[in-house]
Amino acid sequence: MQKLHHFIKQYRILSIIIGLIFLTGVSILASRISLEEDVTGLIPSGEKQNTLKKVLAQTQFSDKIIFTVSSTSAKNNPEALTAYATRLIDSIHRQLPNYIKDIQGKVPEESILEVYDFVYNNLPLFLNENDYKLIEDRLQQDSIQDRLETGYKSLISPTGFVTKRYVFKDPLSLTALGLNKLEELSVGDDFQLYNNYLLTKDKQHLLLFLSPKYSASETEENGVLVQELRRIKQELNENIPGVKGEFFGGLLYAVANANQIKKDIRLTLGIASSILLLLLIFYYKRVYVPLLLFIPSIIGGVTAIAFLFLFKGTISAISIGIGAILLGISIDYALHILTHYRNNNNITTLYKDVTGPVLMSSTTTAIAFLCLLFVKSDALNDLGIFAALSVLVASGLALILIPQLYKVPKVNLQQGSNFIDRLAAVQFHKNKYLVGAIFVIFLICFFFFTKVKFNNDLSAINYQPEEILKIENDVLKIAGKAGKSVYLVSYGTTVDEALEHNNKLYHRLNTLEKLGGIDNFSSIGGVVLSTKSQLEKIERWEEFWNPERVKKLENDLIEKSKEYRFKSTSFNAFYTLLHTNFEPIALLDYKNTSTLYLDDFISSSKNFATVTTSVEIEETMLDNFIAQFPKESNLVVVDRKQINQNFLGNLKNDFNNLVAYSIIAVFLVLMLFYRSLEVSLLTLLPIAITWVIALGIMAMLGIEFNILNIIISTFIFGLGLDYSIFITNAFLKEYELGEKVLGIYRTSILLSVCTTLLGIGALFFAKHPALRSISVISIIGVLSALLVAFVIQGYIFDRLFIIRMKSGKSAFNFMSVLTKATKKDRLYFKRAIYDNYRYKKVYPVIKKEMELQKERYLKISEHIEETDQILHFYSGFGVLPIYLSYKKPKAKIHGIEPELSKLKIAENCFASRLHSLTYSEEIPMHPTNYNIFIISQIPLFNLENEMNELIAKQAKTVIILDSNYAYRWILDLNYEISYRQNEVVILTKMD
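What you see is a predicted model, and the numbers here were worked out from it, not measured in a lab. (Residues numbered from 1 in each chain as written. Predicted model: local features only at pLDDT ≥ 70, side-chain atom pairs only at ≥ 80, totals over all residues. Heavy atoms only, no water.)

Asks: What's the story with the pairing of strand E11 (residues 602–605) in this structure? I'm lost.
Replies: Regular strands show a simple pattern: their side chains alternate between the two faces of the sheet. Pairing geometry for E11 and strand E12 (residues 608–617), over four bridges, is antiparallel. Bridging from a neighbouring strand, serine 604 pairs with alanine 609 of E12. (Pairing = 2+ DSSP bridges. Helix = DSSP H or I, 4+ residues; strand = E, 2+ residues; numbered from the N terminus.)

Asks: What is the right way to read the packing of helix H18 (residues 432–446) against helix H31 (residues 769–806) from this model?
Replies: Pairs of packed helices are described in terms of their axes, by the angle between the two and the distance that separates them. Their axes nearest at 10 Å, the elements H18 and H31 cross at an angle of 110 degrees. The angle between H18 and H31 falls in the class roughly perpendicular. Facing Leu434, Val435, Ile438 and Phe439 of H18, the residues of H31 in contact are Leu787, Val791, Ile792 and Tyr795. For the contact of H18 with H31, a count of residues per class yields eight nonpolar, no polar and no charged. (Axes fitted to C-alpha atoms, helices over the stretch in contact; angles between N-to-C directions. Parallel < 35°, antiparallel > 145°, perpendicular 65-115°, else oblique. Contact = heavy atoms within 4.5 Å. Nonpolar A, V, L, I, M, F, W, Y, C, P; charged D, E, K, R; others polar.)

Asks: Just checking my understanding: could you explain the sheet that holds strand E16 (residues 917–920) for this structure?
Replies: Here seven strands make up an open sheet; going across it, the order is E16-E15-E14-E17-E18-E20-E19 and the pairing mixed. Among the strands making up the open sheet, the edge pair consists of E16 and strand E19 (975–981). Each adjacent strand pair in this sheet contributes to an overall mean axis angle of 15 degrees, direction not counted. Where strand E14 (residues 869–873) meets strand E15 (residues 892–896), five bridges bridge the pair, whose relative direction is parallel. Following the sheet pairing, isoleucine 870 is matched in E15 by isoleucine 893. Seen against the sheet, helix H36 (residues 879–887) touches E14, E15, E16 and strand E17 (932–935) and runs at an angle of roughly 160 degrees to E16.

Asks: Would you mind going over the pattern of salt bridges with me for this structure?
Replies: Any two side chains of opposite charge can pair, given that their charged atoms come close. For the structure on display, the rule yields 19 salt bridges. The salt bridge involving glutamate 235 is made with arginine 231; its shortest N-O contact spans 3.0 Å. Pair noted here: glutamate 235 and arginine 231 are both in helix H10 (residues 219–239), with a separation of four residues, about one helical turn. With relative accessibility at 29%, the residue arginine 231 sits in the partly exposed group. One salt bridge connects arginine 968 with aspartate 972, and the closest N-O pair in it is separated by 3.6 Å. We classify aspartate 972 as exposed; its relative accessible area is 54%. What emerges from the salt-bridge pattern is a single network uniting Asp353, Lys733, Glu739 and Lys904. (Salt bridge = Lys/Arg side-chain N within 4 Å of Asp/Glu carboxyl O. Buried < 20%, exposed > 50% of the residue type's maximum accessible area, 1.4 Å probe, protein only.)

Asks: Could you clarify how one ought to interpret the packing of aromatic side chains in this entry?
Replies: In this description, an aromatic ring pair is defined by two values, namely the gap between the centres and the angle between the planes. Under the counting rule described, the total for this entry stands at 25 aromatic pairs. Between the aromatic rings of tryptophan 541 and phenylalanine 582, the centroid separation amounts to 5.6 Å while the plane-to-plane angle is 85 degrees, which identifies the pairing as edge-to-face. Residue tryptophan 541 is found in helix H21 (residues 531–544), and its partner phenylalanine 582 is found in the loop between helix H23 (572–579) and helix H24 (587–591); the two are separated by 41 residues along the sequence. Note on tryptophan 541: relative accessible area 1%, which makes it buried. Three or more aromatic residues link up through ring pairs in this structure, and these residues are Tyr132, Trp541, Phe544, Trp545 and Phe582. (Phe/Tyr/Trp six-rings, centres within 6.5 Å; stacked < 30°, edge-to-face > 60°.)

Asks: Would you explain the packing of helix H22 (residues 547–561) against H23 in this entry?
Replies: Where H22 contacts H23, the two axes come as close as 11 Å, and the packing angle between them is 170 degrees. Accordingly, the angle class assigned to the pair H22 and H23 is roughly antiparallel. Across from Val550, Leu553, Glu554, Leu557 and Ile558 in H22, the residues of H23 making contact are Phe574, Tyr575, Leu578 and His579. A per-class count over the contact of H22 with H23 returns seven nonpolar, one polar and one charged.

Asks: I tried to follow the nonpolar core on my own but got confused; where do I start?
Replies: In summary, soluble globular proteins display a tendency toward joint burial of nonpolar side chains. Counting residues in each nonpolar core, the largest one holds 111 residues, and the members touching the most others are Tyr284, Phe790 and Phe801. Per-element accounting of this core gives the leading share, 18 residues, to H31. Here phenylalanine 790 is in contact with Phe428, His429, Ile727, Arg746, Ile749 and Leu750, once residues within four sequence places are set aside. Counting residues in hydrophobic clusters, the runner-up holds 47 residues, among them Phe118, Tyr132, Val527 and Phe582. (Core = buried A, V, L, I, M, F, W, Y, C linked by side-chain atoms within 4.5 Å.)

Asks: Where do I start with helix H30 (residues 742–759) in this structure?
Replies: For an α-helix, the turn length of 3.6 residues means that residues three or four places apart are oriented alike. Taking 1.5 Å per residue, 18 residues should reach 26 Å; H30 reaches 25 Å between its end C-alpha atoms and fits that length. Where burial is concerned, most of H30 is hidden: 15 out of the 18 residues are buried. (Expected span 1.5 Å × (residues − 1).)

Asks: For this particular structure, what's the right way to read unusual backbone geometry?
Replies: Keep in mind that most residues, glycine aside, have a negative phi and that most peptide bonds are trans. Positive phi values are uncommon outside glycine, yet serine 173 reaches one of about 55 degrees. Take serine 173: it is sitting in the loop between helix H8 (160–169) and helix H9 (174–179). Not every positive phi belongs to a glycine, and tyrosine 874 is a case in point at roughly 60 degrees. Position of tyrosine 874 relative to the elements: it lies in the loop between E14 and H36.

So this is what it looks like as structure tokens:
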């Protein structure tokens, strides 16, 4: 990263051009992606769920608007009701032609004739076995006599000009039997027609059904529709006395939800952003810092969308919406880099300190997000990819851009210069009362964390204003839907197949209604038939109306009608009907009869068709009713509770699996970076503790998971993971180099907590339940992660690493607990030496050095006495001095290492805490007592002269480990070679 930084500085114009080309490219690609707005994409998939999604996508159960017009007094006033309805329909046609596609509830005279003719011309299709029994009764001569008499009386009445066509076409009123089937298209029998409008039987209420052009999800257009309908309603309520109109539909909730979300976000995030901007500017002393923090995150998000466009072409819109919360995570890396740069304006040190932790945090977080791919949900899969790529790109860009763009203020900004720094400097983990309190909270939460419930009732996270709830209850009560409405949807690859399944369902529901299992139902099962059912019906008609029966009926009619002076040809149209060769009719023929409104029941698309049946049932009988259709072929029960169970029933299990996958994946990545089982587990332990505490608090407060906040919990998992990694790296750096950087890491974590709480946490003040549920989970999760990282994780690392190191003991490791030292260990002390460097970056180097040098070191130790005092030039990481301190514990050893990074590592080995082992960058002030000199490499000029003087003056033994070192001058001082082998030269002074 440092090389890239210098390259950009050196070739700034070229770098800017490359950056602009990249940004332009990803922006163009991202702008071309298609957004999938289907919210059911968020739902986990499966054979059952996929079928239900297709059914819901094709059938609109809640888009209609029910408009009721009611009398305001107990006195009936149907004329006023119909006058109101007429003006309402006129107003809608004139003012809202682009928003309402159809209005049901008014039946014109011509439509009644149209329906009669349709049933008459296709009469066999509308008759069942009960009808044929009735027809048989009507073929009796006395019954024919009664029918003709009734027909004659109607012909000579004042309305004879209307009834004339019906009497001659159908003297036995067979068509009425078929028309009865049309009553099954509507639920209930509490309504009647008055002036061609649908009124309740008490004539107190009138109903109209409006079909919006836009689906409920298109809230912007529907917002205009609702506003205009309210205006029209108010005008009519004011201008027509004695009646009052009201309307309700599912889109009222959709519009209310959308408006409330916008209002809540504008209010809460507006205030939160202002406070956050002031906080960041105050801390970093630069006005442009807030913009700088968000640049990597925004580019990361755009890049992720561009990637999805290249490999997928589409992305779920809800994934981008939820992914916007990523800003709380992705700016963590920018905050971390900025905080380090602010406190140490040195590029080399900056990249050395932050590159590892930032890349490690972003990688583990990205891996955790990619585990969303294991959830069978298209939207969550998109979210996982989008989040992972955003985090990775944002972290990389933060490492590149922030050191280039941020200018550290010239004023002295030392750690502790403001309240954030002072708060970060508090040693929370050393407060035994605070540690004890968190531990007690953990123990309490441990008994509750498994009791968090998952609420699969989607209505619980909907915003439902009291005003709309009251209107809903009033309107549905008038509409006769005070009971429970359940939809049964038959489906198939073709309309004919769906109709065939619906016909079977129709007969089952007929039986249930007779047995009292349901109140009533609305179905086209007795009206619209599959081709197979039609052929069966036609065959039954032809079987019934055999030539002998037809001929006998003709003779009986001619004979009996003479009494009323009918001509023998008067009923020719009826005879023609009986001789007609009927054929099955197509769905289009049904649909051409406009007043049947079949589009409310039948829907079709490519290779998929549905037929809907509505059932009215008492709430107490609902579960038993649904239980009768457990695994019915080609049938879906559409009830809110049932939908939620089918959609969300496995979501909690999926997320439990997701947590397990995430922990395993993150553990493997931590092992890759740390190369230590102990450090990896200790880094994951705070996440587990945080999870237990957060879930325990939720359980005790009665807070439930829902489909939204359980997804947000993955982001909180990512934040907690970042905090844990930062704290781990801070302690490891102190353990390795003795540098106390914990305050800087805690500062960046505190700023991250502030941004998260001000961003997501501010939604706690929102009125919308979904936003509040997200906020509550975020607040509990982030604060739990903060406390565990600052207190418990700090306490664990301080106890197991820092305090043990300072007291001259090795840091905790499983090997020292599970195994005992062997004789070979006491010969080379490899395990003890390794323990000094365990968990340090140089550990692999030390192991390699020890394996290569152990025999040389052993030989050196044989030429050293317990009473010797050793001065080791270029002691490096201190391996040889530490080995000699174990081999000759009474000998005094001092290592000299001019390279500061190596010196710090050597000084911070726990063996260095012993009084007999010390280190320095230069020769000590009074080195008169040293008699053994070890030279590991050719000394630099400024060290060579002083070293030579000391050797000439007081050396008893000189040990040379660099084969290129010229030691002739030492021999000239009356020294002899006592050992020369394996690139070790030992010179001893002769007496």
